[in-house]
Structures are given as C-alpha cells and as structure tokens.
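Descriptive structure summary
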Amino acid sequence: MTSFRPNHATALRPIVATIAALCAPGAWAEQTEVMPTVTVQAKASHEGLGLASESATASRLNLTLQELPASAEMLGADTMQARGDLLVKDAVTRTTGLTDTSSPGNGIAYSARGFSGNSAIAQLENGQRPQVGSGTATYPADPWGYEYIEVLRGPGSIVYGSGTTGATINAVRKAPQRKTSIEAMAGIGGGKTLRGGIGATGALGEKGAFRVDAYADRSDGFIDRGQSRRGKILTSMRYALASNVDLELSLDHSEQRPRRYFGTPLVEGRIARELRDQNYNVGDADISFKDDKAVARLTWRVSPALSISNELAYMKAHRNWRNVESYAYDAQAKVVERNDYIALQHDQEQTGNRLEARWNAGANRIVAGWEAATINFTHTNNAPYGGASTVAPIGFNPGVFDSPDPLRPNFRTDTTTNALYLEDAYSFSERLLLLAGLRHDRYKVDRISLLGAAGFSSKLHSNAVRLGLTWRLAADTSLYGQVSSGSDPVTSLLSLNLANSRYKLTSSRQVETGIKQSLANGQAEWTAALYRISKDDIITRDPANPALSIQGGSQSSRGAEVSASVALASAWRLEANAAYTDAQFDQLIESGKISRAGKRPANVPKISSNLWLNYRTEGWRAAVGARYVGERYIDNGNTQALPAYTTLDASLGWNASRNLRVQLNLRNLTDKLYATTSYSDSQYLLGDRRHVELSAQWRY
C-alpha cells in the first residue's frame, strides 16, 4: 500500500508476516478432511429479506429472522456488490429507516427511530463494539471482507451492549473455509477513484482454515483538495485443537485518510450550486484514522447441547484532526469567513473479555455471559481553538493551519466495564416462541486532567430487558410483539467531563409489534412493524433555575416500517422499504427558559424510503434504485431544515465468464444537489455529484 506514510510500515509488519505464513505452500495444500467444528456463522441470503437466515446480532440462540420477535434486516455481500455500495454507510442507509448523519468529526454516524449519534446507534464489527470516544466511530468503513451486515432496530440487543436506543449495526466477517477460494476486485471511476481488493481462504494444516482480505482505495472526493484514501487487511484462522475444542484468531489493521471537507457555506440561506466543488479548509488540513484489532476465541463443546467459549479482544485506535471547521458567507462583503482552527488527537486502547455458556437443545435455548473491559482514552487538543481568516468564495489561496493555541494533552480517562447477561428462548410449541433477556452493566470512569485541573471518578450502571413473543400463524407467517429497554450515556463515557459526571445514564423503553411473511418458497417476503419508544433523563434546564442543567427531560418516537422483496418474474425482483417516524421532545427546556416540547429532534426525517428493481440472468444483472430522505431539522427549535431529497442510482453487470464479472455503477443519475447533513446553521455537507465507476470482480 504505497499510499500510506512510511511510519506506518512498522504496524503492518506483524500482519504481513501472518499472511506470509498462511500463504505458504503447506497452508494451501488441498485437504479432504472436514474440520470438526460447529462454530458456524449464519449466512445471509443474497436475495430477498433473508427471513430464513439466522440472526447474529439480535440473539445468539440460532434464531432466524422469521422467529425473532424484533425488527431486524440483513444485507448480503452479493447484494451490496450488485448495488455498488462502496462504503458500509451506503449499504446501511439502504435498510429500513436508517439515515446518514456522518461528518469528519463523528466519523460514521446514523439516525434511527427518532434517535441519532454514536451513543444511541451501536456499531459492531463481528460482534465487538469499541467504546465511543468523544462521539466518534470510524470502523468498519467499507464492506470488503464482510459476509453480511445486520441491522437491529430499537433497543433490543441484550447480548451486545446495553441496549442502545436507536439501532444496533453489526458487520459480520467472511469466515475461514477449508475449501480453497480466491476473489479479487478492481475499480476505476469518477473523482479519480481507484480501488482494489483481494480475499483468499483455504486449509491450514489438517485441522484448520484461514482467511485473508485486503482492500485499498483513493479518490479526489469530487471537491477541491478532497483527496481521500483507505486501506485495510483482515486476517483470521480457525483450528481444531481437539475434536471438541476450537481456536479462532483474527488480526486486523485499518488506515483511513477521509476527505478533509467540513461542508459548504450557505449563500443567503440556500445551497449554492456555484460553490459545490469548493473546499474551504486550509491547504495543509489533515484527518487520519488508524484502527487495530486482535481477537482470540476458544470454544469448548462440552456436549452436543452445551458449549462454553471465551473471547479475548484488544482494540487500538489513533485519530488525528487539524482543520478549519467553521465557514459563513458574508453576503455584504461577498467573502467566506473561517473560524475554529481545531486540532485534536484521540488515543484509545480497549481490552475486553467475554465468557459465555450456551445451551441449545430441545424446547429451551439459553445463553449466559460475563463481559469485562478496560479502556484507556487520551484526548489531546488545542482548545480554545482560536484563529480566523477570510477568503473569496472562488479562486482563493486556502492558506495553512495557523492557530495561536498550542496542541497539548488535555485529559485521560480510564474506564472499567462489567456486564452480566442472560437470554432464554423457549418454544411452547412449534408455533409459539418466547424470548426473554436481561442485561446488567456497570461502568467506572476515572478522569485525570493533564492540564492541572481536578480529576474525578464516576460510577454508572444500567439494566436492559427484553421480552418478546413470536406466534407462527403458519409455516410462512409470524406475528410478534416485544417490550424492551435500553440506555445511553448523556455524552460519550470515555470523554465524560466534570459537569456530566453527576448524571446517570438515560433510560429508554420500547413497545413493538409486527408481522413477517414469506410466500411462494421465498419468492415474496415482507415485514411490517409498529413501535413506540420513550427516552427519559435527557439533559434539560432546571425550570426553577434556568442557569442550571439537570436530568429530567424526555423525548419519544412512534412509527411504522415496511419492507418487501418480491420476485416479479424469473429474472425480475422488486425490493422496497419505507419508514415513518413521528419523533418529538416531550420535555426539554433550553437556554432562555424556552420549551422545546412538541419539537422534532435534529437529524430525524419523518419519511425515508428505498426502492430497487433488479434484473438477473445467467449472463447479465442490472438494477436501478431510488433513495428518498425527508426534511430534517438541524436544531431543536425546528427553525432551520435540510431539504428533502431523492437520488437515483443504477448498475449493470456482465458475466464475462464463469469467474469474471464486469460491472458499471452509476450514482446520482440526475446530478441532484443535496445536503446529507449539517455541520452548523451556516454550512451543510453536500452529497456527491453524478459519477460512474467501472469494476471487475473475479472469483475462483
């Protein structure tokens, strides 16, 4: 990966050595033995809603989506490739009710069921969730190397995290296989985009298997000085230590340099097409993310029904920002004013262990576990972020980062987490299944000021419960209902400050009911859900003393979601989803003793939907799709809104041979000018202009 800086080479050496060992001739030797293991990842269907697929996110009791008393959805790797989704967020926002709110500051972020941000939306990689530092999540970014992505909507994942309010997203890796196979991809497209990936799996000795996936891309970001690049390598192996004991190891490294773009200033309150290609950041701006992860999992199958596993994980992240982030257009002087010369660094290390026992036999299936983790987080910045400059709207010298404030370590937090969880699926009969779960989390956060201020220690706890019932009316039709609860911190736990240290976790409750149906042997599948979520203990002003902030605010949402996939003919399939979200603050007082009761939270569209028409034969496949995102307010007072937008995409693939497919992806066919999210009331982040990509995918 020549695009990476030389000082990153050291970090790659252990991974390169691992690949060399795995790719040795002995490792690729053809084997006929089957590895004696039952540790198998559920595999997503490449077409339809995959109701017969097992959920790996909502439960670990081998329940299919049809059986699950919750709203969940899967996107398979083949579907993502057919649609040309180059980023995980491209794929996730094609699922029902998920909206992109990402920015350079928060990395990857979403809105779901009336709630937004990385505290309310959990992002997992193969079941592991890095704790969120300062609201930022950066990994995983692209879908290469993943078998499928699963989205669980609402607070409901007892086995992964404390039951985050909006949704849980899990990118599930492609598992090692003993049968040798190789896949590769290369693409070129608009924005000077180049990308490539390779994946390989095969036998490892007589009792094991390995997998390696590598990916890199680069682009000019469709704006001035918008160059970005990404690269990663994922390695994993499985080995049967004994007939009933399996060892699984994985070692990953990811580097990203996202485009250094913080939005385009509004001109007299409107998005200005003439400024679409402009980048008002400084010329030496910098954003970089590095993520490393190592996991070791040991599974002991005590009996056909009972298994015990222990999973040890280590994650490390380094993030760096140096940018001018705030822009405002001065209509009178016809210049752009730039402020907030911000430099930040995050250094985060997380070590965690999950000990789990599963009983899977007969009418009763049970999983119980204990999780423990320690997270060390150091925050470095140049507060109070001074500096200002003025440039012309077009044809300007971007200048350099020139802040009067030095970059220096600000604080460090040491966080310890412990959690116990229990989940039980009981089948009263072939038609009636009860799913019950309970989780208890405890957090201890110690903050140390690196600038001489006083530190503090804070202890928090939360409980999450889920009780759901699935009633199978027929083999292909299920009704379900569930009540569940969850919790979110009022801010990122790892960056908890003294003002927030006295606050407890927020609490949320959900009631949901729905239907799932598969017709004509899966030729048609559809689901529908109704829900209501209430969230308490959000931060509000004290009615008796508006100068003070207290917990006591609340917000709620209710909505309806519909998803469908229908085979119209032997070669045609229609896929569609739509979400209606009615969200509001029930109690919230802001500065000036202004009540926001009845107002809609920021970044929440009332309506969002996706539509895809697919054509597939032995030699060809084609698709055309539309995405609609309704109007979203950018502030709690609902005084300013991002306009609704509709974008159109298409793809055309030709199977040149049994192993080679050539595909053309077309994005934003109408060249729609739209904003994906806001960075402030004076600047919006704009969506990509119309562009085309040509790719080749090879499998053996």
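Residues numbered from 1 in each chain as written. Predicted model: local features only at pLDDT ≥ 70, side-chain atom pairs only at ≥ 80, totals over all residues. Heavy atoms only, no water.

With that settled, the discussion passes to the overall build of the protein. Scanning the protein for helices and strands turns up three helices and 37 strands. Compactness check: the protein gives a C-alpha radius of gyration of 25 Å against a globular reference of 27 Å for 700 residues, within 12% of the reference. Overall, the C-alpha framework of the protein stretches about 75 × 60 × 50 Å when taken along its three principal axes. Counting the 700 residues in the protein, one finds 55% classified as buried. Considering only intrachain contacts with a sequence separation of at least 6, the fraction spanning at least 24 residues in the protein is 68%. For the protein, the separation between the mean place of its 77 positive charges and that of its 68 negative charges on side chains is 0 Å. (Helix = DSSP H or I, 4+ residues; strand = E, 2+ residues; numbered from the N terminus. Rg over C-alpha atoms; globule rule 2.2 N^0.38 Å. Buried < 20%, exposed > 50% of the residue type's maximum accessible area, 1.4 Å probe, protein only. Contact = heavy atoms within 4.5 Å. Lys, Arg positive; Asp, Glu negative; His and termini not counted. Charge placed at Lys NZ, Arg CZ, Asp CG, Glu CD.)

Turning our eyes to something else, we now look at the pattern of salt bridges. Where charged atoms from two side chains of opposite charge come close, those side chains can pair. As enumerated under the stated definition, the model contains 43 salt bridges in all. Among the salt bridges present, the one from Lys 174 reaches Glu 183, with a minimum N-O distance of 2.9 Å. The two residues Lys 174 and Glu 183 agree in class, both being buried. It is possible to trace a salt-bridge network through shared partners that takes in Arg 238, Glu 248, Arg 297, Glu 311, Arg 354, Glu 371, Arg 439 and Asp 441. (Salt bridge = Lys/Arg side-chain N within 4 Å of Asp/Glu carboxyl O.)

In this section: the nonpolar core. Ranked by size, the top nonpolar core spans 24 residues in total, and within it Leu 61, Leu 63, Leu 65, Leu 68 and Leu 435 carry the most contacts. For this core, the secondary-structure elements that each account for two or more residues are β1 (72-76), β6 (146-153), β19 (408-427) and β20 (432-449). Setting aside anything within four residues of it in sequence, one finds Leu 63 in contact with Ser 53, Glu 54, Ser 55, Leu 68, Arg 365, Ala 425, Leu 433 and Leu 435. Counting residues in each nonpolar core, the second largest holds 20 residues, with Ala 285, Val 336, Ile 342 and Leu 344 among its members. (Core = buried A, V, L, I, M, F, W, Y, C linked by side-chain atoms within 4.5 Å.)

Further remarks concern the sheet that holds strand β5 (residues 121-125). Spatially, four strands are ordered β1-β6-β7-β5 in an open sheet, and the strand pairing comes out mixed. Both edges of this open sheet fall to β1 and β5, since each of them pairs with a single strand only. Ignoring which end each strand starts from, the neighbouring axes of this sheet average 15° apart. Pairing geometry for β6 and strand β7 (residues 167-173), over seven bridges, is antiparallel. What sits directly across from Leu 152, in β7, is Thr 168. (Pairing = 2+ DSSP bridges. Axes fitted to C-alpha atoms, helices over the stretch in contact; angles between N-to-C directions.)

So, about the sheet that holds strand β4 (residues 115-116). In spatial order, the strands read β2-β3-β4; together these three strands make up an open sheet with antiparallel pairing. Each edge of the sheet is formed by a strand with only one pairing partner; in this case those strands are β2 (98-100) and β4. Direction of pairing for β2 relative to strand β3 (residues 110-112): antiparallel, over a ladder of three bridges. By the bridge assignment, Leu 98 is partnered in β3 with Ala 112.

Next up on the list: the side chain of Thr 527. Structurally, Thr 527 is set in strand β24 (residues 524-542). For Thr 527, a relative accessible area of 14% gives the class buried. Beyond its immediate stretch of four places on either side in the chain, Thr 527 contacts Leu 49, Leu 51, Ile 515, Lys 516, Glu 561, Val 562 and Ser 563.

Side chains of Ile 188, Leu 194, Trp 620, Leu 652, Trp 654, Leu 664, Val 692 and Leu 694 sit close together on the surface and give an oily, nonpolar patch of about 710 Å² of accessible area. Going through the elements one at a time, β33 (645-655) and β37 (691-699) are the ones with two or more residues in the nonpolar patch. On the secondary structure map, Trp 620 appears in strand β30 (residues 620-629). (Patch = residues over 30% accessible without salt bridge, like charges linked within 9 Å, V, L, I, M, F, W, Y side chains within 5 Å. Areas by Shrake-Rupley, 256 points an atom, 1.4 Å probe, with all protein chains shown as cover.)

This structure, assessed with the given rule, holds eleven aromatic pairs. Ring centres 5.6 Å apart and planes at 65° place the aromatic pair Phe 289 and Trp 321 in the edge-to-face group. One end of the pair, Phe 289, is in strand β14 (residues 286-301); the other, Trp 321, is in strand β15 (residues 306-330), and 32 residues separate them in sequence. Both rings, one in Phe 377 and one in Phe 411, keep their centres 6.3 Å apart while their planes meet at 50°; by these two values the pair is tilted. (Phe/Tyr/Trp six-rings, centres within 6.5 Å; stacked < 30°, edge-to-face > 60°.)

Let's shift gears to the pairing of strand β35 (residues 675-680). Bridge count between β35 and strand β36 (residues 683-686): four bridges; the pairing is antiparallel. Paired with Ala 675 across the strands is Leu 686, a residue of β36. Between β35 and β36, which pair antiparallel one after the other, the connecting turn spans two residues.

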